[in-house]
Amino acid sequence: TRAGAPYLFVAGGGNGQTVTRSVLRAPIHADGSLGAFVDSGTDLPSAIQRASSVVHDNQVFILGGKDQLRNRSTDLVFIGSLEE
């Protein structure tokens, strides 16, 4: 949540050979509808792509993936907080 409103976050992704590091967020309204997505202003680290992510207790965990700089699998874990 941010300022008391719940949000849906979408981090990274891709389309074919194109990958994105953007983190988007959209407010979830009281009636369950979703507002417009906007860029959160924070990108994922450029060192990872094709990673998995988990959100728990306002923490985001980005696990593994493929290091795009060295083109090999990585066992890195990035942790971030969803600010209130």
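Keep in mind that this is a model prediction, so the values were computed, not measured.

What counts, and where the lines are drawn
Residues numbered from 1 in each chain as written. Predicted model: local features only at pLDDT ≥ 70, side-chain atom pairs only at ≥ 80, totals over all residues. Heavy atoms only, no water. Phe/Tyr/Trp six-rings, centres within 6.5 Å; stacked < 30°, edge-to-face > 60°. Buried < 20%, exposed > 50% of the residue type's maximum accessible area, 1.4 Å probe, protein only. Patch = residues over 30% accessible without salt bridge, like charges linked within 9 Å, V, L, I, M, F, W, Y side chains within 5 Å. Areas by Shrake-Rupley, 256 points an atom, 1.4 Å probe, with all protein chains shown as cover. Salt bridge = Lys/Arg side-chain N within 4 Å of Asp/Glu carboxyl O. Helix = DSSP H or I, 4+ residues; strand = E, 2+ residues; numbered from the N terminus. pLDDT = per-residue confidence, 0-100. Pairing = 2+ DSSP bridges. Axes fitted to C-alpha atoms, helices over the stretch in contact; angles between N-to-C directions.

S.K.: So what's going on with the packing of aromatic side chains? Which residues, and what values?
M.R.: Per the stated rule, a full pass over the model turns up 1 aromatic pair. On the numbers, 6.4 Å between centres and 50 degrees between planes, the contact of Y7 with F9 is tilted. Taking relative accessible area as the criterion, Y7 reaches 23% and is therefore assigned partly exposed. On the accessibility criterion, F9 (30% relative accessible area) is partly exposed.

S.K.: I'd like to hear about a nonpolar patch on the surface, residue by residue, with values.
M.R.: Taken together, L8, V10, L24, I28, L34 and F37 make up a surface patch of nonpolar side chains, about 430 Å² in accessible area. With respect to the helices, strands and loops of the structure, L34 is situated in the loop between β2 (18-27) and β3 (38-39). A residue is classified by how much of its surface remains accessible, and L34, at 41% relative accessible area, is partly exposed.

S.K.: Tell me about the confidence of the model for the protein, and please be specific about residues and values.
M.R.: Mean pLDDT for the protein: 78, with 79% of residues reaching 70 or above. Averaged pLDDT values over the elements of the protein bottom out at 68 in strand β6 (residues 66-67) and peak at 92 in β3.

S.K.: I'd like a rundown of the sheet that holds strand β8 (residues 77-81), residues and numbers included.
M.R.: Taken together, the 3 strands give an open sheet; going across it, the order is β4-β5-β8, and neighbouring strands pair in antiparallel fashion. On the outer flanks of this sheet lie β4 (52-56) and β8, each paired with one strand and no other. With direction set aside, neighbouring strand axes in the sheet form an average angle of 20 degrees. In the sheet, strand β5 (residues 59-63) pairs with β8 via 5 bridges, with the strands oriented antiparallel. Bridging from a neighbouring strand, V60 pairs with G80 of β8.

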